[in-house]
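Commentary on secondary and tertiary structure
Each chain, written out:
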Amino acid sequence: NVIIRIRLPRVLLTAAAGAVLSISGILMQTITRNPLAEPFVLGVSSGASAGAAGAIVFGWFSFLSIGGTFFCAFIGSFLAIALVLLLQGRSASPVRLVLTGMGVSSFFQAATTLIVYSARNEAQSRSAMFWLTGSFSGASWNDFRAALWALILLLIFCLIIGKELDLLLLGQAAAAQTGLSVRRLQLAVILAASAAVAVIVSQSGVIGFIGLIVPHIMRRFAGIRHRSLLLCSALGGAAFLTAADTIARTVFAPQEVPIGIMTSFVGAPIFIFMIKRIYHEDRD
């Protein structure tokens, strides 16, 4: 019973979440042409967490039953990435995009905290706090099924548009000259990535830097062609997040460290190193 009802759904949900976040990171890096883009950095995860917390505390879209949390998380994630791209404008500066994303992320994190403090009772507050740091405790088979469907549909979508994503590597102008509708592709990618991230955040809370760390590692092994890169990153993200969750669950046993803290300890130094490298390249 412990293995089947507690351990196995948690491990499978963690693997599916890692795969989805890694794929979403690649998609966002491709459409923004920014190696630092990923759901956490661009505020997508924070927007989804604000929406999910609102559904828990205030009962937004409660008439949708279980789907209300996901729907609110999707709206929050879509608003976050849309706001980032709107504020970015036509600027191609990767540092500006990151700073804009961090500002939007901070706004939605503050909104999530405000929602948590607006909870009417302690049970609601504890439940909403779950979305601030991320955790897979309490994972169920239903949670895994939702994450699995999100992963399958996202993979199918990515495999269909794999060639179009490769064309974007040439630049938006060059891709448009081949007949590709760049705006339409960007909108489709944003909707798909936002929906997939919303599913994961509604199940596990905010988990940062997976979409940044894993794709850059996998590019060294799988190259830049998207179909092979996406599949390798899905496997790498699943393995990485499963290992991180195992460490978070066991290193301070019987206490459990939130998984978002563990990934930030690894991801933040890499993020800072990449910003420093890009800054020096731009200055040179």
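Scroll up for the structure.
Overview of the structure. (Residues numbered from 1 in each chain as written. Predicted model: local features only at pLDDT ≥ 70, side-chain atom pairs only at ≥ 80, totals over all residues. Heavy atoms only, no water.)

**As for the overall build of the protein**
Our working definition: Numbered from the N terminus, helices here are DSSP runs of H or I no shorter than four residues, and strands are runs of E no shorter than two. In this treatment the radius of gyration is a C-alpha quantity, and the globule benchmark scales as 2.2 Å times the residue count to the 0.38 power. Residue burial is assigned from relative accessible area. The probe radius is 1.4 Å, only protein chains are included, and a residue is buried under 20% of its type maximum, exposed over 50%, and partly exposed in between.
In terms of regular secondary structure, the protein is built from 12 helices and zero strands. When the helices and strands of the protein are listed from N to C terminus, the series reads α-α-α-α-α-α-α-α-α-α-α-α. Over its C-alpha atoms the protein spans a radius of gyration of 18 Å, differing by no more than 12% from the 19 Å that the globule rule assigns to 284 residues. Seen along its three principal axes, the alpha-carbon backbone of the protein occupies a region of about 55 × 35 × 35 Å. Looking at the protein as a whole, 49% of its 284 residues are labelled buried.

**A word on the nonpolar core**
A general tendency of soluble globular proteins is for nonpolar side chains to be buried together. Just so we agree on the cut-off: Note on terminology: a nonpolar core comprises buried Ala, Val, Leu, Ile, Met, Phe, Trp, Tyr and Cys residues joined through side-chain atoms within 4.5 Å. The criterion used for residue contact is that any of the two residues' heavy atoms lie within 4.5 Å.
Counting residues in hydrophobic clusters, the biggest one holds 62 residues, and the most contacted among them are I23, L27, L42, L154, L168 and I259. Leave out the neighbours within four places in its chain, and L42 touches M28, A37, A80, I81, V84, L97 and G101.

**A few points about helix α2 (residues 44-58)**
Which entries qualify depends on this criterion: Given the number of residues in a helix, its expected span is that number minus one, multiplied by 1.5 Å.
Across its 15 residues, α2 extends 21 Å between first and last C-alpha, which sits within 8% of the 21 Å expected from 1.5 Å per residue. Of all 15 residues making up α2, 13 are buried, and the element is well covered by its neighbours. Positive backbone phi, at 75°, marks G59, one or two positions downstream of α2.

**Observations concerning the packing of helix α6 (residues 141-160) against helix α9 (residues 182-204)**
Stated precisely, the cut-off is as follows: The axes used here are C-alpha line fits, helices contributing only the stretch in contact, and every angle between their N-to-C directions lies in the interval 0 to 180 degrees. Roughly parallel means an angle under 35 degrees; roughly antiparallel means over 145; roughly perpendicular covers 65 to 115; every other angle is labelled oblique. The handedness criterion is simple: a crossing whose near helix is rotated anticlockwise from the far helix by less than a right angle is left-handed, and one whose near helix is rotated clockwise is right-handed. Residue type decides the class: Asp, Glu, Lys and Arg count as charged, Ala, Val, Leu, Ile, Met, Phe, Trp, Tyr, Cys and Pro as nonpolar, and the leftover types, Gly among them, as polar.
Between α6 and α9, the shortest axis-to-axis distance is 9 Å and the interhelical angle comes to 165°. For the element pair α6 / α9, the angle class is roughly antiparallel. In the crossing of α6 with α9, the sense of the turn from one axis to the other is left-handed. Of the residues in α9, those touching α6 at D143, A146, A147, A150, L154 and F157 are A188, V189, A192, A196, V199, I200 and Q203. Grouping the amino acids of the contact of α6 with α9 by side-chain chemistry returns 11 nonpolar, one polar and one charged.

**Observations regarding the side chain of T30**
What counts, and what does not: Distance and chemistry together define a polar contact, namely a pair of N or O atoms within 3.5 Å, with one atom able to donate a hydrogen and the other to accept it when in protein, and with adjacent residues in sequence counting only for side-chain atoms on both sides.
Mapped onto the elements of the fold, T30 is located in helix α1 (residues 2-32). Judged by relative accessible area, T30 falls into the buried class, the value being 6%. Of note is the side chain of T30, whose polar atom sits 2.9 Å from the backbone oxygen of I26. Excluding residues that lie within four positions of it along the chain, T30 makes contacts with L165, L168 and H226.

**Re the packing of aromatic side chains**
Keep this limit in mind: Any two of the Phe, Tyr and Trp rings considered here, Trp counted by its six-membered ring, make a pair once their centres fall within 6.5 Å; the pair's planes then place it as stacked at under 30 degrees, edge-to-face at over 60, or tilted in between.
Inspection of every chain in the model, using the stated rule, returns six aromatic pairs. Centroid distance F40 to F209: 5.1 Å. Interplanar angle 55°. Geometry classified as tilted. Here F40 is found in the loop between α1 and α2, whereas its partner F209 is found in the loop between α9 and α10 (210-222), with 169 residues between them in sequence. For the residue pair F40 and F209, the accessibility class agrees, reading buried in each case. Within the aromatic cluster, the residues linked to one another by ring pairs are F40, F209 and F271.

**Focus on the environment of A73**
Note that A73 resides in helix α3 (residues 67-88). The residues contacting A73, other than those within four sequence positions of it, are G47, A48, G51, A52, A198 and S202.

**Observations concerning the state of the cysteines**
Under the convention used in this document: Put simply, a disulfide is two cysteine sulfurs that come within 2.5 Å.
Counted under the stated rule, the structure contains zero disulfides. Take C158: it sits in no disulfide, and the sulfur closest to it among the cysteines is that of C232, at 14 Å. Look at C232 and you get partly exposed, because its relative accessible area is 32%.

**Some words on the pattern of salt bridges**
What counts here: Should a side-chain nitrogen of Lys or Arg be within 4 Å of a carboxyl oxygen of Asp or Glu, the pair is scored as a salt bridge.
Scanning all chains against the criterion turns up two salt bridges. Among the salt bridges present, the one from D245 reaches R10, with a minimum N-O distance of 2.9 Å. Of the two residues, D245 is situated in helix α11 (residues 226-250) and R10 in helix α1; the sequence distance between them amounts to 235 residues. Taken individually, D245 and R10 each receive the classification buried, so the pair is uniform in this respect. Across the salt bridge formed by E256 and R10, the nearest N and O atoms sit 2.7 Å from each other. Here E256 is found in the loop between α11 and α12 (259-283), whereas its partner R10 is found in helix α1, with 246 residues between them in sequence. One network of salt bridges, with partners in common, ties together R10, D245 and E256.

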